[in-house]
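Spelled out, the chains give:
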Amino acid sequence: MKRILFLGDAGSSHLTKWVQALHGKYYKVGIFSLREPAAEIRDLEGLTIHVHQTDQAKFSASFLSKFVYMFAVPALRKFVSEFKPDVIHAHYASSYGLMGARLNFHPYIISAWGSDVFSFADNQLGKLILQYNFKKADAILSTSYVMKDRVASFTSKPIIVTPFGVDTHAFHPAKNHAPFFPQDAFVFGMVKSMEDIYGVSNVISAFHQLLQKGNECIRLLLVGSGTMMEKYQAQCIELGIENYVHFAGRINHADVPKYHQMMDVFLNPSRMESFGVSVLEAMACGNPVIVTHVGGLKEIVQDQHNGLHVAVDDAADLAQKMEMLLADEQLRGKLAQQALRDVHAQYSWEKSVEIMVKEVYQTYLK
């Protein structure tokens, strides 16, 4: 069986899904990571994982913190000589991508994820690093067309779009009661990191506006952890709506479908989004979605067709669209049904794996 070595965050739900899909079924997979693996793959039979221990606390959270990965290259070289991969695939174009580029190993594949090609390249040094990494790559992958356009500004090489699909067996329409809310509550929700870029503060403001109109039945479910969580909790207290909002924090990936199924409407008013996996997951669970018309979201959601669009950083517009769906059950059903059809037709996990295996790996594993 051919061997693939992943360079990436072994604790990431995205990398975990690729490992589960490929290991033992198509290839033998190994992982080199600077983070401990997720519980779902920690004891996967035959999976080889090397976690490189490094004192990242010595490095600031600044741009220069990326160079911590360079100190792991000698250990990576040793692991490559032991694992003997047929192909190396870096999941993240900047940090892990740089580690892989330094090996001069071929065939070498890089997957761009989002912030690695957007915010990382805001300065000249970041651009030079990405140009160097892509120059070393034999194949470059992107999960969306908007990210493909961004990657194309650093390389003239062809870029293959490999959408990050949804497991429609795990994510499917069902209604789960949220135990922290009344039985008859109408639940708006998000599944995102608690960070400013995702517009969480605007969600809280819009929800407050809707409550002020006398909609006492509504509740807000925020799933995810992040550096801004305490700020958002304080915002809810300041607005006097803390009893209507539940912060679930970080949850296991296996529990994500259950939380989507607690929601009636899914919100993602991000300022920037390279793709939008959580939106696809919500759509697969039969939830109507409200999103901003940015990045990869505009590829997934068409306004009034399979969801609703709102302006960026416009809490009033968001509140209006939330009120529209709260009041119109027929519209909710129409959008949800079309969203479900679109996910199954274009973004199933089986289709994503097929693209990765047939259009990428089989090309380099002959």
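Residues numbered from 1 in each chain as written. Predicted model: local features only at pLDDT ≥ 70, side-chain atom pairs only at ≥ 80, totals over all residues. Heavy atoms only, no water.

Visitor: Would you mind showing me how to read the side chain of S111 here?
Guide: Tracing the sequence through the fold places S111 in strand β5 (residues 108–112). Residues in contact with S111, not counting those within four places in the same chain, are H89, A90, H91, Y92, A93, D116 and L141. (Helix = DSSP H or I, 4+ residues; strand = E, 2+ residues; numbered from the N terminus. Contact = heavy atoms within 4.5 Å.)

Visitor: Help me understand the state of the cysteines, please; the structure alone is not making it clear to me.
Guide: Linking two cysteines covalently through their sulfur atoms gives a disulfide. The full count for this structure, using the stated rule, is zero disulfides. Of the cysteine sulfurs around C217, a residue in no disulfide, the closest is that of C236, at 17 Å. A residue is classified by how much of its surface remains accessible, and C217, at 38% relative accessible area, is partly exposed. (Disulfide = S-S within 2.5 Å. Buried < 20%, exposed > 50% of the residue type's maximum accessible area, 1.4 Å probe, protein only.)

Visitor: What exactly am I supposed to notice about the nonpolar core here?
Guide: In globular proteins that are soluble, nonpolar side chains generally tend to be buried together. In this structure, F6, L22, I31, V279, M283 and Y361 are the most contacted members of the largest nonpolar core, which totals 57 residues. Among residues more than four places away in sequence, those in contact with F6 are L15, W18, V19, L22, V29, G30, I31, F32, H89, H91 and Y361. Y69, V73, F83 and I159 belong to the second-largest nonpolar core, a separate cluster that totals 38 residues. (Core = buried A, V, L, I, M, F, W, Y, C linked by side-chain atoms within 4.5 Å.)

Visitor: Got a minute to help me understand the pattern of salt bridges in this structure?
Guide: The final tally for this structure, using the stated rule, is nine salt bridges. Close ionic contact of K231 with D196 constitutes a salt bridge, the shortest N to O distance being 3.9 Å. Of the two residues, K231 sits in helix α8 (residues 229–239) while D196 sits in the loop between β8 (186–191) and α7 (200–212), which places them 35 residues apart along the sequence. Judged by its relative accessible area of 45%, K231 falls in the partly exposed class. (Salt bridge = Lys/Arg side-chain N within 4 Å of Asp/Glu carboxyl O.)

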